[in-house]
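Tertiary structure, described
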Amino acid sequence: MSEIKCWMNKLVAYIKTSKKGKLYAVFFVVYLLAIIFVMNDAWLYHTPIAKLTKVETVENGQNKSTRGTPEIKYKQTIQGVILNGENKGKSVGFSNEYTYTGMLKQKLHRGDKVLLNSSKSGGNYSFRSVKRDTTLVILLGLFVILLVTITGKMGVLTILTAGINIAIFAFGFSKGSENGNLVATCNKMILFFAVATLVGLNGIRRKTWSALLSTLCVMAMIIGVFDLVMSQVGELDYSTMEYLGSIDNPDDFFHAEILLSGLGAIMDVAVAISTALSEIVTQKPSVTFRELFTSGREIGYDIMGTMINVLLFVFGCGLIPMCLIRMNNGVRFVTIIKLHIPCELCRFFVESIGIVLAIPVSILIASVMMKFTVKKVKKTC
């Protein structure tokens, strides 16, 4: 007990004497207030919300899954209290059925807050979904606190640039849906994304402009490579793309996916190389182009494999539900690769080419810009 008291006294003293400690304390208080707010924000919802007070679960027979295996069904008899609306405080009862897999509906527990469907008369209720905003706020707040605590100013800039990019994304696609020119809209969004991210995180410096120019050059190159290959071998079979019936020109849609999906990885490679070469030139202004090329190449080799694998994991995790559903319905994995995911594979290969091209392009542009600036400074002096 005395150790806890001693630790608390040190913490209070740190908060009183340190500006950083005061800032962390403010963040923590705001975090707690946000959690308390979303735990009691039922009044903001038009949909009825109930807190479950009693849950009884019994086994309700078996079904056969699509593969013929037995699937146990459960039925829950639930009682709860309405937290909002005209019927606030009213006790309600409803049932919930789910299977052990939780594929369509999930198991509910006492104390859960759930969204309900109600009849027009308001007398009958049924389960709609679990209220998850508290969990989301807890995770988001934890992410922000850790980011700011560990990285300091860079963490704040990361949050700001992420917010700006979300605003650009929302505004760009709202305008793109109005004018119908998706590729032109994505071209503008790519430029704004790159400028906002690189300038926001690195400031207005030589390495920033080097990374920006490298990124834009590589993006133009991979689109050119894709169009050149398609002109020689014919267009892709876009029939496997989702929501194809609502798309007038699937080729434009796929071009937009290529532009957006690999931007982050290509920017990462460009920034890493530009930053490293900038530091080398700053520390050793007499460094030769050959030495810069050699250093940049080694840096590129170190990050290339990791970035390509990250890209593979990102594309792969998005395909897991589709692959499992098809395999559970007797479709072989080889058939899925041949017939159902050619567009995803093509996109992965194009973006991987972009990561590889980003290495020599970034080295060339960064070396020229850094050395040229150093020589200009020497002549001025």
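The following paragraphs examine the structure supplied in this document. Everything numeric here is computed off the predicted structure, so don't read it as measured data. Within each chain, residue numbers correspond to sequence positions counted from 1 in written order. Side-chain atom pairs in this predicted model are given and counted only at pLDDT of 80 or more, local residue features only at pLDDT of at least 70, and totals for whole chains, interfaces and linings cover all residues. Only hydrogens and water are set aside; all other atoms, that is, all heavy atoms of the structure, feed into the side-chain values.

Digging into helix α7 (residues 250–261)
- A run of H or I in DSSP becomes a helix once it reaches four residues, and a run of E becomes a strand once it reaches two; helices and strands are each numbered from the N terminus. A helix is expected to span 1.5 Å multiplied by its residue count minus one. Compared with an ideal rise of 1.5 Å per residue, which puts twelve residues at 16 Å, α7 spans 16 Å between its outermost C-alpha atoms and is within 8% of the ideal.
- With a 1.4 Å probe rolled over the protein chains alone, any residue whose accessible area is under 20% of its type maximum counts as buried; one over 50% counts as exposed, and the rest are partly exposed. For α7, the complete set of buried residues consists of P250, D251, F254, H255, A256, I258 and L259.

Things to note about the packing of helix α8 (residues 263–283) against helix α9 (residues 289–328)
- Where α8 contacts α9, the axes come no closer than 10 Å and their chain directions differ by 150°. By the criterion of interaxial angle, the relationship of α8 to α9 is roughly antiparallel. As for how α8 packs across α9, the hand of that crossing is right-handed. In this structure, α8 uses A265, D268, V269, A272, I273, A276, L277, I280 and V281 to contact α9, whose residues at the interface are L292, S295, G296, I299, G300, I303 and M307.
- Here the contact of α8 with α9 is composed, by residue class, of twelve nonpolar, three polar and one charged. An axis is simply a line fitted to the C-alpha atoms; with a helix, the fit covers only the stretch in contact. Between two such axes, the angle follows the N-to-C directions and lies from 0 to 180 degrees. Angles below 35 degrees are treated as roughly parallel, those above 145 as roughly antiparallel, those between 65 and 115 as roughly perpendicular, and all remaining angles as oblique. In this scheme the crossing of two helices becomes right-handed for a clockwise turn of the near helix relative to the far one and left-handed for an anticlockwise turn of less than a right angle. Contact definition: two residues touch when any of their heavy atoms are within 4.5 Å. Throughout, the ten residues Ala, Val, Leu, Ile, Met, Phe, Trp, Tyr, Cys and Pro are labelled nonpolar, Asp, Glu, Lys and Arg are labelled charged, and all others, Gly among them, are labelled polar.

Considering the nonpolar core
- Side-chain atoms within 4.5 Å are what join buried Ala, Val, Leu, Ile, Met, Phe, Trp, Tyr and Cys residues into a set we call a nonpolar core. By size, the foremost hydrophobic cluster in this structure holds 48 residues, and its most contacted members are M219, I222, F226, I258 and V269.
- Elements represented by at least two residues in this core include exactly α5 (182–202), α6 (206–233), α7, α8, α9 and α11 (342–380).
- Sort the elements by how many residues they give to this core and α11 lands first, with twelve residues.
- The contact partners of M219, leaving out residues within four places of it in the chain, are I190, I258, L259, L263 and I266.

Comments concerning the sheet that holds strand β2 (residues 70–82)
- Reading across the sheet, the five strands line up as β3-β2-β1-β4-β5 and stay open at both edges, with antiparallel pairing between neighbours. At either end of the open sheet lies a strand with only one pairing partner, and these are β3 (91–99) and β5 (125–130). The mean angle between the axes of side-by-side strands here comes to 40°, regardless of whether they run parallel or antiparallel. The pairing criterion for strands is at least two bridges between them, as found by DSSP.

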